[in-house]
Every structure is written in C-alpha cells, then in structure tokens.
Amino acid sequence: MEHVKLKNLSAGKAVAALSGRLDVSVSGEVEEKLMDAIEKENISHLILNMENVEYMSSSGFRVAIALLRRLKDKNGSLKICCVRPAVKRIFDVIELTSLFEIYNSEEEAVKTLPT
Amino acid sequence: MFVVRHNFQVDVKEIPKVKSFVESTLSNWGVSREDLDDIVLACDEAATNIILHAYGPVDEARRKSDTIELTLRKKRNVVEVILRDRGISFDMAKVPLPDIRLNLAGKRRGGFGVHLMRSLMSRIRYQCRDGENRTILLKRLSS
C-alpha cells in the first residue's frame, strides 16, 4: 500500500496526501519519500493532508517533526489539514497541537501559503 | 477473568500484527472504542520500544530466534498488558519527558512513545529479572 501521494501546487509548494496506519513499520518509508521530494523538487512549503490517516503512533509524529525542522531550515513551512478526531486526540495528548499549523480543510491550508 | 497470549517476532514489520491482535481481542471483550484505541497505541509504543531499543544493538541471529510475548488480561474494569522479552534492559521510567525544542533543534529524536504510554494508560511498570524484561501496562476502563 502506498502511504504518500504528492501533488505539486506551484513552484516550491506541494500537498502530501497521507493514508493508512502510520506506525513504525511505515514511518521510515514516508519520511524518506517526503525528504527526498523536498530536496529533489525543492519544496519549501508542504501541506500534509491526513484525511485518510486512521492511526498514528509516535513514529508518525517524529516524521512530522523532522519535516517541520527541515522546512524551517529552508525558511519554509509545514501545515497539516483534515486530521481525524482519533488522531487529533493523540496530537493533544502528546501536546503537539501548538507546534503545528492545523487546518480543517486542504483549501484553508492552501490559502495560507505565501503567494 | 479473560486471558490471551501471543508471541511476536522481533521485527518492526510485526507491529501491525500486534495492533490487530490487541484490537480484535479487546473488541471481543467489549472494551469501548476510546479505551481500546488507547491500549492499542500503548501496546504499539511498548513493542516498538522493545524492538528498537532493547533489541537495537542485538545481533540479527538473536533477534530472529527471540520473540516478544504479549499477554492481555481483563479482570472487571481493568486491562493488564504484559510484554516479555529477553533483549537488553530498557527501563522506560528513565526516559525523560520529550522536549520539543531539542527535537526541533535535531538534538533529540523521540521520547514521545513513553510519554504517550504514560498519558494513555493508568500505570506503567518495568521489571528485569534473570535476563527477562517485563513491561506492564495497566488501564482502568472508563466504562
């Protein structure tokens, strides 16, 4: 199963649609794919669409933090949208909600990207 | 009282199987969705820690021959999870709380798994006796 589908918006901006159950058995592959895309396609602003993420363990959160760090190093940004309530609850438990820009829809997140 | 037990290989590819086993067992026992989600995630984190840390420096042959034994027990409104392994001693109680600033600075990676287990479960304990590690997770069910 493919857990990441990347859609380029315009130069340096992309949306990554994540799906499935993001645990340690898949998080390495997801991180590698996204880090690779950030370098090869020179992405600075990335939106993670988590509409189809049913489950996320701390391995998934570590990937999100690694992406945020990489994009901040490039003076870019990481935004997250469409988080399911069960996953959002874990963001709250782990106290990471304030670390990320989280939006209800992809459209809302796209609107906040620099023009 | 209900008790089930299953052995898993020491491999991150086993984590989805750990989750399926815990989820289907607790579902059969009538545990509520929210409690079930908490216990499944805590078991995922505990098993992940054993594989990555207790067996991180262990050679391939031993990783292949050893297993992680997971026992689930429900008595009245308490679910107890016991994970047994023979990897290197790894006491979760000594893992410091995550520090977002250190994580963002790239100076630390992780610490969230143990924090999650502590937050989602009523109690977590660790014992090491005669080369066997036991991670014990307790959850008082909300309903």
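Residues numbered from 1 in each chain as written. Chains lettered and ligands numbered in written order. Predicted model: local features only at pLDDT ≥ 70, side-chain atom pairs only at ≥ 80, totals over all residues. Heavy atoms only, no water.

Caption draft 1: Local environment of the overall build of chain B. Within chain B one finds five helices and five strands. For chain B, the sequential pattern of α-helices and β-strands runs β-α-α-α-β-β-α-α-β-β. Over its C-alpha atoms chain B spans a radius of gyration of 15 Å, differing by no more than 12% from the 15 Å that the globule rule assigns to 143 residues. Considering only C-alpha atoms, chain B reaches an extent of 40 × 40 × 25 Å along its principal axes. Within the span of chain B, comprising 143 residues, buried residues form 49% of the whole. The contacts in chain B between residues at least 6 apart in sequence include a share of 64% that link residues at least 24 apart. Carbon and sulfur atoms form 47% of the exposed surface of chain B, whose accessible area is close to 7,300 Å². Averaging the positions of the 26 positive and the 19 negative side-chain charges in chain B gives two centres separated by 4 Å. (Helix = DSSP H or I, 4+ residues; strand = E, 2+ residues; numbered from the N terminus. Rg over C-alpha atoms; globule rule 2.2 N^0.38 Å. Buried < 20%, exposed > 50% of the residue type's maximum accessible area, 1.4 Å probe, protein only. Contact = heavy atoms within 4.5 Å. Areas by Shrake-Rupley, 256 points an atom, 1.4 Å probe, with all protein chains shown as cover. Lys, Arg positive; Asp, Glu negative; His and termini not counted. Charge placed at Lys NZ, Arg CZ, Asp CG, Glu CD.)

Caption draft 2: Up close: the nonpolar core. Leu18, Leu46, Leu48 and Phe91 of chain A together with Val22 of chain B are the most contacted members of the largest nonpolar core, which has 74 residues in total. The greatest single-element share of this core, amounting to 11 residues, is contributed by helix α2 (residues 33-54) of chain B. Ignoring any residue separated from it by four or fewer positions in sequence, one finds leucine 18 of chain A in contact with His3, Val4, Val30, Leu34, Leu48, Asn49, Met50, Asn52 and Val53 of chain A. The next biggest cluster of nonpolar side chains, apart from the first, holds seven residues, and it includes Val15, Ile47, Cys81 and Leu113 of chain A. (Core = buried A, V, L, I, M, F, W, Y, C linked by side-chain atoms within 4.5 Å.)

Caption draft 3: Focus on the packing of aromatic side chains. All names here are of chain A. Taken as a whole and assessed by the stated rule, the structure comprises four aromatic pairs over all chains. Ring geometry for phenylalanine 61 against phenylalanine 91: centres 4.7 Å apart, planes inclined by 75°, an arrangement best described as edge-to-face. Of this pair, phenylalanine 61 sits in helix α2 (residues 58-73) while phenylalanine 91 sits in helix α3 (residues 85-93), and the two are 30 residues apart along the sequence. Looking at phenylalanine 91, the relative accessible area reads 0%, which means it is buried. Within the aromatic cluster, the residues linked to one another by ring pairs are Phe61, Phe91 and Phe100. Across from the ring centre of tyrosine 55, 4.9 Å away, lies the NZ or CZ of arginine 21, which sits over that ring. (Phe/Tyr/Trp six-rings, centres within 6.5 Å; stacked < 30°, edge-to-face > 60°. Lys NZ or Arg CZ within 6 Å of the ring centre and 35° of its normal.)

Purely geometric stuff here, so don't read any function into it on its own.
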